Amino acid sequence: MEHQLTLHYRTYENWRETLAIPKRIAEQLEALLISAYAPYSRYPVSSIVVMESGTMIVGTNQENAAFPSGLCAERVAVLAAKAAHPDEAIQTVYIMTGESEREPAAPCGSCRQVLHETELRQKRPFELILLNKTNKALGFTGTQGLLPFSFTLPK
Ligand code: THU
C-alpha cells in the first residue's frame, strides 16, 4: 500500500513588511547574530523562543573546537526556555541565519527531533518561523511535517 504525506507551510515574500513577524523580534534576531560563537563555520544563527506568557528566550549557535560538542541556535534557545519554564508552552520559535543568498535555511535533523519532542511535551503545536537576510521567510504551524516518523520511546 502506498501513502502520501502533505506538508503545509507559509511563505512570506517580504518579511520586513508583514505584521506576522513583529519588527522588534526581527530586529532582535538580527542584532543577536553578532553574538553567535561560530569561529569554525563563520555561519552565525540566532533564535528567539516566545513563550505563551510573552516571555522571550534567546539563543545563538555555540560552536566548539571539538565540533560535535557545539550546539545550534534553536537548540540553545529551546532547551534554555524549557529549563527556565518547564510547565509553560512555547508559542513561537524564530530562527534567523546571516545568509542573504538563498531561501531561509531549515533546522538540522537533530534540532527537528528536539523541536518535535518539545512540542509533544506541551501537547500543542508551536509556530516555527525561518528567516534570513533576504526578504523571504517560511512559516510552519507545528513541526510534525518536518520530521515524519520521528523517534519516540515506547510508552
Ligand atoms: N546552525 C544552527 O545554529 N541552526 C540551524 O538551523 C542550522 C545550522 C549552525 C550549526 C553550526 O554552528 C553552523 O550553523 C553551521 O553549520
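How each quantity is defined
Residues numbered from 1 in each chain as written. Predicted model: local features only at pLDDT ≥ 70, side-chain atom pairs only at ≥ 80, totals over all residues. Heavy atoms only, no water. Near = heavy atom within 4 Å. Polar contact = N/O pair within 3.5 Å; in protein donor to acceptor, adjacent residues only side chain to side chain. Areas by Shrake-Rupley, 256 points an atom, 1.4 Å probe, with all protein chains shown as cover. Nonpolar A, V, L, I, M, F, W, Y, C, P; charged D, E, K, R; others polar. Phe/Tyr/Trp six-rings, centres within 6.5 Å; stacked < 30°, edge-to-face > 60°. Helix = DSSP H or I, 4+ residues; strand = E, 2+ residues; numbered from the N terminus. Buried < 20%, exposed > 50% of the residue type's maximum accessible area, 1.4 Å probe, protein only. Axes fitted to C-alpha atoms, helices over the stretch in contact; angles between N-to-C directions. Parallel < 35°, antiparallel > 145°, perpendicular 65-115°, else oblique. Left-handed = near helix turned anticlockwise from the far one by under 90°. Contact = heavy atoms within 4.5 Å. Pairing = 2+ DSSP bridges.

Draft legend 1. Here's a closer look at the site of the ligand. The full set of residues close to the ligand is Ser-41, Tyr-43, Val-45, Asn-61, Glu-63, Cys-72, Ala-73, Glu-74 and Pro-107. In the environment of the ligand, an oxygen atom lies 2.8 Å from a nitrogen or oxygen atom belonging to the backbone of Ala-73. Between an oxygen atom of the ligand and a side-chain N or O atom of Glu-74, the distance comes to 2.6 Å. Protein coverage of the free-state accessible area of the ligand, which is 370 Å², stands at 76%. Tallied by class, the residues present in the shell around the ligand amount to five nonpolar, two polar and two charged.

Draft legend 2. Representation of the packing of aromatic side chains. Under the counting rule described, the total for this entry stands at two aromatic pairs. Considering the side-chain rings of Tyr-40 and Phe-67, the 5.4 Å spacing of their centres and the 50° angle between planes classify their relative orientation as tilted. Of this pair, Tyr-40 sits in the loop between helix 1 (23-32) and strand 2 (45-51) while Phe-67 sits in the loop between strand 3 (56-60) and helix 2 (73-84); the two residues are 27 residues apart in sequence, bridging distant segments of the chain. With a relative accessible area of 42%, Tyr-40 lands in the partly exposed category.

Draft legend 3. Quick peek at the packing of helix 2 against helix 3 (residues 109-122). Contact geometry of helix 2 with helix 3 gives a least axis separation of 10 Å together with a crossing angle of 25°. In terms of their interaxial angle, helix 2 and helix 3 are classed as roughly parallel. Of the two elements, helix 2 crosses helix 3, and the hand of that crossing is left-handed. In this structure, helix 2 contributes Glu-74, Arg-75, Val-78, Leu-79 and Lys-82 to the contact, and helix 3 contributes Ser-110, Cys-111, Val-114, Leu-115, Thr-118 and Arg-121.

Draft legend 4. Structural context of the sheet that holds strand 1 (residues 10-12). Read from one edge to the other, the open sheet built from six strands follows the order 1-6-5-4-2-3, with strand pairing classed as mixed. Two strands in the sheet have a free side with no partner beyond their single neighbour: strand 1 and strand 3. Strand-to-strand, the axes of this sheet are offset by a mean angle of 15°, without reference to chain direction. For strand 2 and strand 4 (residues 90-97), the ladder comprises seven bridges, and the chain directions are antiparallel. When the sheet's bridge partners are listed, Met-51 is paired in strand 4 with Ile-90. Here helix 1 sits on the sheet and contacts strand 2, strand 3, strand 4 and strand 5 (127-131); the angle it forms with strand 2, its principal contact strand, is near 145°.

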